[in-house]
Every structure is written in C-alpha cells, then in structure tokens.
Amino acid sequence: MYKVKVFITLRENVLDPQGTAVESALHSMAFEAVRDVRIGKYMELTIEKTDQNIDEAVKEMCERLLANTVIEDYRYDIEEVVAL
Amino acid sequence: MKFAVIVFPGSNCDIDMFHAIQDELGEEVEYVPHTADSLEGFDAILLPGGFSYGDYLRTGAIARFSSVMAEVVKAADSGVPILGVCNGFQILLEAGLLPGAMRKNRDLAFICKQTQLKVENNTTTFTTGYENGETITLPIAHGEGNYYCDEETFLRLKENNQIAFTYHMNNPNGSLENIAGIVNENGNVLGMMPHPERAVDKLLGSEDGLKLFQSIVRNWRESYVVTA
C-alpha cells in the first residue's frame, strides 16, 4: 500500500482572495509580520500496490482531475506503508 | 429546432432553461441525463447552472467526466451550438472546450443580483440578435465566477474576437478584463456566468436573455433550413 499526500496551491501569479482575507485577519490579530497567506487543498490517498508505476499514476491523477493546472500547482509525497 | 438540456446531479437551473426554450422561445426541448451516451438528433446543447456533483473538488471538475460529456465534446467538434451558463460555463472550462479557469469571487461572497453586460461581439451564433456595444441586463448567481486565463490566452481571445460579453461599469466578481462570457475559436461554444434563461420575460425583471436563444434559432434556420 501507498499513502499519498497531495498538496494543491494556487499558482504564484494567481490572486488568492481567501488567502488575502485570512492575511488581513492575522494582521488584525496583531501578527503584522505576516506577509503572504496562500490557501490550498490537502488530500490523502491510500493506493493499493499494482503493476502501475505509482509516481506516474499520481501525476496523472493530479494533472487530469485533482489540480486545475491553469491556476493551480501541485506536489505530492508518496510513502510506502505496510497494510495491517 | 431541438434543444437538449443536460441534467447533472446537482443541476438546478435545468428547469429554468427548459422553460425558456419551451415556453418563451417556443422550440422543442428535452432533458438529457448525465449518463446519456448519445446526443444524436439535438441541434443545440445547453449546460445549465447549479452545483453539479456538489461542486466537490472544484466547480465543474467532476461533471466533466460524466459520460454525456464525451458526447458534448464530439458535438462541439462537429459545430453544434453549445451554451454553458454559470456551472455550465465552469464545466466547459474544466472539459477544455473553452480556455481558462474559474476562481472564487474577488470579495469571497456568493453574489445574486442583476448585472449590466456589454455585448462585445455580436457576430457569434449566440449574439447576432444584439447590437455591438449594446448594454443588457441579466442576473448573476455565483460564488466562483472570477474568470482567469494567462496573458497569452487573453491576447488570443482578444485577437480572435472570442470575448462575447463583459461586465459593464461594475465587475461583480473580479474576472480578468471584466470578462463575463467567451466563445471558442470556432464560435459554436459559448460559456457565460450571467443567466440568460432567467431573463426571458419582463416578469423576471428583464427579457434581454431571450434574444440570445432567438439568435441561436435564427442562425440555425439560416444555415440548415433556408439553404437546404
């Protein structure tokens, strides 16, 4: 089994209205040092081991469904785990 | 002329769309479920607004994998007029039938109100009933209508005259260059955030949307009936 963690964030040049709102809330809490807040998505996938190349499979999942690459960047960590 | 209204799980403007076509436009219309594997016999395809698949992941992201969408893509390639409104627009973007992507509204609020639009291109199959530069009133109702594309794509949209509608005076959602609706390069696929189907009778506050549907019918008749 694999445990896959997928992180999706808006691309750097894409305005993040949620991040901007949270940033100003942090400022109003007196955390004035906060310079930038970007909000993204985090997903955990548990994937069975198959003949398929896990890295290629996850990449395809990200490109075709999990991220919209017009506005989002993605990265992922794959960890092999022993099923209980 | 026969229209298809595609019904996804979570569509909620399908009935408005059906009403607009049957009762106000007076043309034939049928609901088609998201599981359909053929769109044969339909002369135009309408993707209604709503919250397909609960907007899980991203608006339109899951709907684009519905089996009917393969048929929509086929129909788009063969020149059938396809109109996606609101969630329908989001699905067209996710399916790659139109360029760009949707972000959350600039002010993060769901906005439901009448908006003023400017007709930027009255040469598309959907807009010939309007004057170029004409201001029309259509309602919007969306949380993610903040259209975005990269600069290269925007220049291409501009160059090919693919921007059909822009917000006039006041941009409600922060969309790039006030874009409210765009067509594909061939001009047969239109995606727009405002709802023409909710503006087909004075009782609804505006009837400016009816001309859009009338344009589709008139242009279809001209190319398929008059010349046949």
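On a predicted model such as this, the values are computed, not experimentally measured, just so you know. (Residues numbered from 1 in each chain as written. Chains lettered and ligands numbered in written order. Predicted model: local features only at pLDDT ≥ 70, side-chain atom pairs only at ≥ 80, totals over all residues. Heavy atoms only, no water.)

Thoughts on the interface of chain B and chain A
At the interface, 15 residues of chain B touch 16 residues of chain A. Interface of chain B and chain A: buried area, both sides summed, is about 1300 Å²; carbon and sulfur atoms make up 65% of it. Linking chain B to chain A there are 1 salt bridge. In this structure, Glu72 of chain A engages Arg58 of chain B in a salt bridge whose closest nitrogen and oxygen atoms are separated by 3.8 Å. Where chain B touches chain A, the interface holds 4 residue pairs in polar contact (both at pLDDT 80 or more). Top element by residues in the side of chain B that touches chain A is strand 5 (residues 101-103) of chain B. It accounts for 3 residues. (Contact = heavy atoms within 4.5 Å. Buried area = accessible area lost by both parts, 1.4 Å probe. Salt bridge = Lys/Arg side-chain N within 4 Å of Asp/Glu carboxyl O. Polar contact = N/O pair within 3.5 Å; in protein donor to acceptor, adjacent residues only side chain to side chain. Helix = DSSP H or I, 4+ residues; strand = E, 2+ residues; numbered from the N terminus.)

Focus: the state of the cysteines
Residues and elements named next belong to chain B. One pass over the full model with this rule turns up 0 disulfides over all chains. Counting only cysteine sulfurs, Cys13 is the nearest neighbor of Cys86, a cysteine outside any disulfide, at a range of 6.4 Å. Cysteine Cys149 remains unbridged, with the sulfur of Cys86 as its closest cysteine sulfur at 19 Å. (Disulfide = S-S within 2.5 Å.)

Looking at the nonpolar core
Grouped together as the largest cluster of nonpolar side chains are 71 residues, with contacts concentrated most on Phe3, Ile45, Phe165, Leu212 and Phe213 of chain B. With 6 residues, the single largest contributor to this core is helix 5 (residues 210-226) of chain B. Membership of the second largest hydrophobic core comes to 13 residues, among which are Val4, Met43, Val58 and Leu66 of chain A. (Core = buried A, V, L, I, M, F, W, Y, C linked by side-chain atoms within 4.5 Å. Buried < 20%, exposed > 50% of the residue type's maximum accessible area, 1.4 Å probe, protein only.)

With respect to the UniProt feature "active site" (unreviewed entry) in chain B
Residues and elements named next belong to chain B. Within this structure's numbering, the places UniProt gives as "active site" (unreviewed entry) are Cys86, His195 and Glu197. For this annotated set, covering 112 residues, all C-alpha atoms fall within 11.0 Å of each other, a compact arrangement in space. Relative to the elements of secondary structure, Cys86 occurs in the loop between strand 4 (82-85) and helix 3 (87-94). For Cys86, a relative accessible area of 6% corresponds to the buried category. Residues contacting Cys86, with those up to four places away along its chain left out, are Gly49, Ala141, His142, Met192, Met193 and His195. Tracing the sequence through the fold places His195 in the loop between strand 11 (189-192) and helix 5. (UniProt positions renumbered as here; feature names shortened; annotations may be inferred.)

Topic: the sheet that holds strand 6 (residues 111-119) of chain B
All names here are of chain B. Spatially, the 9 strands line up as an open sheet ordered 2-1-3-4-11-10-9-6-7, and their pairing is mixed. Edge positions in the open sheet fall to strand 2 (28-33) and strand 7 (135-142), since each of these has one partner strand only. Each adjacent strand pair in this sheet contributes to an overall mean axis angle of 25 degrees, direction not counted. Together, strand 3 (44-47), strand 4, strand 10 (179-183) and strand 11 form the strand contacts of helix 3, whose direction differs from that of strand 4 by roughly 115 degrees. (Pairing = 2+ DSSP bridges. Axes fitted to C-alpha atoms, helices over the stretch in contact; angles between N-to-C directions.)

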